[in-house]
Amino acid sequence: MSVYTKKRVSINKLRLEAVYEMRNWGRHESMLFRDYNFPNMTDKEIQQWYKYKARARNKKCYGIRNEEGKLIGYLTIREIKKVRKLATLGLVLDPNYMNKGYGTEALLDFLEHFFYTLNMNKMILQVAKFNKRAITCYEKCGFAITKEFYKLMDSQDIDLEYELSREEIYENFKTKKDRIHMGYYKMELPINEYTKRTNKNYKNVHNFVDMWKSFRKKTQYVDNNNIKNT
Ligand SMILES: CC(C)(COP(=O)(O)OP(=O)(O)OC[C@H]1O[C@@H](n2cnc3c(N)ncnc32)[C@H](O)[C@@H]1OP(=O)(O)O)[C@@H](O)C(=O)NCCC(=O)NCCS
């Protein structure tokens, strides 16, 4: 099912057959990005990966294709909270197609679908502080940093001094009890911010607080179906 098509990218629900195409993707050289390399997997493991990513509860997964129809990335929304209408984003491109504007374009297109078709209220994400390319992409789409936190790194064997400058290590990592912790930002994009940026009217009422506010402000339109679903 095609969700929508715009400009260079098209975004569709991810199908199992598309996942096999990811085997031909490029690889990140930096160890800090190794978790984003598509793993070498057997057909059976790919089926399990697909089941985990695309068929699990509270998750949706979409493939991103470029103007030539090539699968260049995928995005997921997980931890979908149906009542509060929140979800957490994951976005990964084939390394061969990074830094060409595809990530920003795909996300901007998907946000339209997220807010106006899925009727969600807010998109949330977590991004490593050192990942400046991703942060720039999210900021261009309207996300703002709401929190900073540190997490113990799963891989303690990465040679940070090989990967990053001293300043970058100092700014983005902390050592506690000889264990390296990586800094993260939580970033958020609420619908009102998205609407302001895209100059759209706030068409739908997304939960009971919004409904109450909308009555107080005497806004014009209440989507009864939507309220029934919350
Ligand atoms: C993050 C990701 C989805 C972004 O998509 P993309 O297509 O590469 O990003 P875009 O080209 O749309 O935008 C990147 C922006 O960051 C800028 N940028 C690149 N490297 C940068 C750096 N080191 N510091 C600051 N900005 C940087 C680019 O110049 C560009 O901004 P501009 O268009 O204003 O020039 C993609 O790079 C990716 O899949 N990365 C690997 C996986 C990953 O990190 N996922 C995110 C996890 S939270």
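Scroll up for the structure.
Residues numbered from 1 in each chain as written. Predicted model: local features only at pLDDT ≥ 70, side-chain atom pairs only at ≥ 80, totals over all residues.

## A few points about the overall build of the chain
Next up, step 1: Summing up its helical and strand segments, the chain has nine helices and nine strands in all.
Next up, step 2: For the chain, long-range pairs separated by at least 24 residues make up 61% of all intrachain contacts whose partners lie at least 6 apart in sequence. (Helix = DSSP H or I, 4+ residues; strand = E, 2+ residues; numbered from the N terminus. Contact = placed C-beta atoms within 7 Å.)

## Focus on the pairing of strand β5 (residues 86-93)
Next up, step 1: Examined bridge by bridge, strand β4 (residues 71-81) and β5 share seven bridges and lie antiparallel to one another. Opposite threonine 76, over in β5, you have glycine 90 as the bridge partner.
Next up, step 2: Two successive antiparallel strands, β4 and β5, enclose a turn made up of four residues, where lysine 85 displays a positive phi of approximately 60°.
Next up, step 3: Direction of pairing for β5 relative to strand β6 (residues 122-128): parallel, over a ladder of three bridges. Bridge pairing in β6 places leucine 86 opposite lysine 122.
Next up, step 4: Tracing the backbone out of β5, into helix α3 (residues 102-116) and back to the parallel element β6 gives a crossover that is right-handed. (Pairing = 2+ DSSP bridges. Right-handed = clockwise from strand over helix to strand, strands pointing away.)

## Some details on the site of the ligand
Next up, step 1: Looking at the ligand, there are 19 residues lining it, with Leu93, Gly103, Thr104, Lys132 and Thr136 nearest.
Next up, step 2: For the shell around the ligand, the secondary structure elements donating two or more residues are β5, α3 and α4 (132-140).
Next up, step 3: It is α4 that contributes the most residues to the shell around the ligand, five residues altogether.
Next up, step 4: Looking at the shell around the ligand residue by residue, the class counts come to ten nonpolar, six polar and three charged. (Near = placed C-beta within 6 Å. Nonpolar A, V, L, I, M, F, W, Y, C, P; charged D, E, K, R; others polar.)

## Observations regarding helix α2 (residues 43-54)
Next up, step 1: The first and last C-alpha atoms of α2 sit 16 Å apart over twelve residues, in line with the 16 Å expected at 1.5 Å per residue.
Next up, step 2: Across the twelve residues that make up α2, only a small minority, one, are buried. (Expected span 1.5 Å × (residues − 1). Buried ≥ 20, exposed ≤ 12 C-beta atoms within 10 Å, placed from the backbone.)

## Some words on the environment of asparagine 40
Next up, step 1: On the secondary structure map, asparagine 40 appears in the loop between α1 (16-21) and α2.
Next up, step 2: You can call asparagine 40 exposed: it has 7 C-beta atoms within 10 Å.
Next up, step 3: With 18 residues separating them along the chain, asparagine 40 and methionine 22 place their C-alpha atoms 9.9 Å apart.

## Some points on the environment of asparagine 37
Next up, step 1: Locating asparagine 37 in the fold gives a position in the loop between α1 and α2.
Next up, step 2: Residues asparagine 37 and proline 95, 58 residues apart in the sequence, show an inter-C-alpha distance of 8.3 Å.
Next up, step 3: Setting aside chain neighbours within four positions, we find asparagine 37 in contact with Arg27 and His28.

## So, unusual backbone geometry
Next up, step 1: Phi angles above zero are rare outside glycine, and lysine 177 is one such case at about 50°.
Next up, step 2: As for its position among the elements, lysine 177 is in the loop between β8 (173-176) and β9 (179-190).
Next up, step 3: Although it is not a glycine, aspartate 178 adopts a positive phi angle of roughly 65°.
Next up, step 4: Note on placement: aspartate 178 falls in the loop between β8 and β9.

## A closer look at the nonpolar core
Next up, step 1: Ranked by size, the top nonpolar core spans 40 residues in total, and within it Tyr62, Ile64, Leu75, Ala106, Phe110, Leu111 and Met123 carry the most contacts.
Next up, step 2: Broken down by element, this core gets its largest block of residues, seven residues, from α3.
Next up, step 3: Ignoring any residue separated from it by four or fewer positions in sequence, one finds alanine 106 in contact with Val9, Ile11, Ile64, Gly73 and Leu75. (Core = buried A, V, L, I, M, F, W, Y, C linked by C-beta atoms within 7 Å.)

## Describing the environment of lysine 59
Next up, step 1: Structurally, lysine 59 can be placed in the loop between α2 and β3 (60-65).
Next up, step 2: Note: C-alpha distance between lysine 59 and threonine 76 (17 residues apart in sequence) is 7.0 Å.
Next up, step 3: Not counting residues up to four positions away in its chain, the partners in contact with lysine 59 are Lys53, Thr76, Ile77, Arg78 and Ile80.

Fair warning: the whole summary comes from geometry, so function is off the table for now.
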